[in-house]
Amino acid sequence: MMDFKTTVFFFLSAILIFAALRVITARNPVHAVLHLILSFFTAAGLWVLLQAEFLAMVLVMVYIGAVMVLFLFVVMMLDLNLDQLRQGFWNYLPLGAVIGILMVIEMGMVLGSRYFQVLDSEVPSVPAGVSNTKELGALLATDYVYPFELAAVVLLVAIVAAVALTFRGPKKTRYTDPAKQIRVKAEDRVRIVKMPVEKQD
Amino acid sequence: MDTLMQFGTGMFGTAWPAVWTLIKIVLIIAPLMLGVAYLTYFERKVIGYMQVRIGPNRVGPLGLLQPIADGVKLLLKEIVVPSGANRYLFVIAPVLSLAPALAAWAVVPFTDTLVLANIDASLLYILAIGSMGVYGVVLAGWASNSKYAFLGAMRAAAQIVSYEIAMGFALVVVLMVSGSLNLVDIVQSQQKGTFADMGLNFLSWNWLPLLPLFVVYFISGVAETNRAPFDVAEGESEIVAGFHVDYSGMAFAVFFLAEYAEMILIATLTSLLFLGGWSSPVAFLPDSIFWLLAKICLMLFFFLWFRATFPRYRYDHIMRLGWKVFIPLTVVWLFVVGVWMLTPFNIWK
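Anyway, here's the lowdown on the structure attached to this text.

Parameters and conventions
- Residues numbered from 1 in each chain as written.
- Chains lettered and ligands numbered in written order.
- Predicted model: local features only at pLDDT ≥ 70, side-chain atom pairs only at ≥ 80, totals over all residues.
- Heavy atoms only, no water.
- Helix = DSSP H or I, 4+ residues; strand = E, 2+ residues; numbered from the N terminus.
- Buried < 20%, exposed > 50% of the residue type's maximum accessible area, 1.4 Å probe, protein only.
- Contact = heavy atoms within 4.5 Å.
- Areas by Shrake-Rupley, 256 points an atom, 1.4 Å probe, with all protein chains shown as cover.
- Lys, Arg positive; Asp, Glu negative; His and termini not counted.
- Charge placed at Lys NZ, Arg CZ, Asp CG, Glu CD.
- Salt bridge = Lys/Arg side-chain N within 4 Å of Asp/Glu carboxyl O.
- Polar contact = N/O pair within 3.5 Å; in protein donor to acceptor, adjacent residues only side chain to side chain.
- Nonpolar A, V, L, I, M, F, W, Y, C, P; charged D, E, K, R; others polar.

Attention now goes to the overall build of chain B. On a plain count of helices and strands, chain B comes out with 14 helices and 0 strands. Going residue by residue from the N terminus, the α and β elements of chain B occur as α-α-α-α-α-α-α-α-α-α-α-α-α-α. With respect to the principal axes defined by its C-alpha atoms, chain B has extents near 65 × 60 × 40 Å. In chain B, which comprises 349 residues, the proportion classed as buried is 51%. A separation threshold of at least 6 residues defines the contact pool for chain B, and within that pool the share at least 24 residues apart is 75%. Carbon and sulfur atoms form 72% of the exposed surface of chain B, whose accessible area is close to 16100 Å². Here chain B contributes 19 positive and 19 negative side-chain charges, whose respective centroids are spaced 8 Å apart.

This is the structure:
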């Protein structure tokens, strides 16, 4: 009899692996994106099992709540021709397989390396009452403040670069100035004319 | 209570905690569904009186059975699946829009102790779950294989993602002043302060020191639930009914349920975060769940009042309000409150 946590772990892992497989095997791109969302969600569940509730919630909020919405948005708008996409599958397969195997080896080396020792380590049991969020915040503002600021600057550069690459000067569209609109008074638009009552003969 | 626990343990043995949680879930969901039903009645009555009409008055005394009649009618109708629709996603979309609106209630506290799961990061949980509500709308629009539904889905997605940012910033300030992500702690932190010591608790609640954020949060909440005047996702006049134009019967009713359940959720969160939750407005009256319910009803009345008062926003104005007004306003107020908390005038110690 497995304990409850282990059961939940295997349950979530099974869904995660299934969803991840479907991401690359689904024929319909929208289905693939939806399975990617499902795999993010189950990964968040696994992080909750590791007592990393802040990271789990942020994963759901940022990736599912924002990034994937835009992703889905774009995929839905694409006019995809599935037959065209499948052309040349066998030509690209060897190269793709080599890259895939390389990545698997890299991940294995990272996980098995003596710096991380993921396989030997155990989940540290956190005493009740310690807030995951508070600890993370304290670490980010003290020990890791420079990497944190550096990441912020890199992201800012990315935003500026994205705007610079796509901005092609102001478009000549009709534009209404909201401040001007608010200042409009009834007298500017409507003229009320006083007229005496006309008699009918 | 103890006898109930003993009876349960005797009846179900070790499965009792799970059964007890299920009972608690039913005790939250059932009144919520009843609340949704009567919110539609309330809406029709309130808007009716505001437009000098009577509103529903035929089914039962004062029309009180109208929501039941509507529900039965929707249950009996056929669910038509359009021929070009993606069948699977078409059916799953309403579920995806209702599920987050219900799941968020798991961490909503009703009094200091009356809460299903009093978790440490309940505010984060609500933000995370709330951000998933948009998928129901987007998928419904796409799976229907209809231009109008798709346009509605696009509008809804852009709008919900935009207003979520302003809402998130408003929440960041609230958790800054209360120093906790736990909703019970957030309410309790509003129960103390200079005015609370004078017996005027309602002046110590977050709405007064954080007034701009209270307004931004609630208006963003109205936009987030796609309610008038931000209901361009439905926009009857230009895109017939938006994302749910192809839904009928119970599938449509589930979207309807989700929208109203989300309204009640936003009203509840506003009451908890800015209006002191279950705390009583004056010191000589006891705190109780009735205060929370009264505040929720007040906020829901605002939803309906907005709908009867304001004409629908034009789409570019909605985007402008979200990105160019609310987000800068909340960011500036974040700094103002941050600096305020570092000065000797800090009122949240």
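Once the structure has been displayed, the description carries forward.
Turning to the interface of chain A and chain B, a few remarks are in order. Taken together, the 26 residues of chain A in the interface contact 26 residues of chain B. Scanning the region where chain A abuts chain B turns up 0 salt bridges. The interface formed by chain A and chain B includes 2 residue pairs in polar contact (both at pLDDT 80 or more). Going through the elements one at a time, helix 2 (29-49), helix 3 (53-77), helix 6 (132-141) and helix 8 (178-183) of chain A are the ones with two or more residues in the side of chain A that touches chain B. Of the residues forming the side of chain A that touches chain B, the biggest block, 13 residues, is contributed by helix 3 of chain A. Its residues assigned to classes, the side of chain A that touches chain B comprises 17 nonpolar, 7 polar and 2 charged.

Interpretation in functional terms is not warranted from these geometric data alone.
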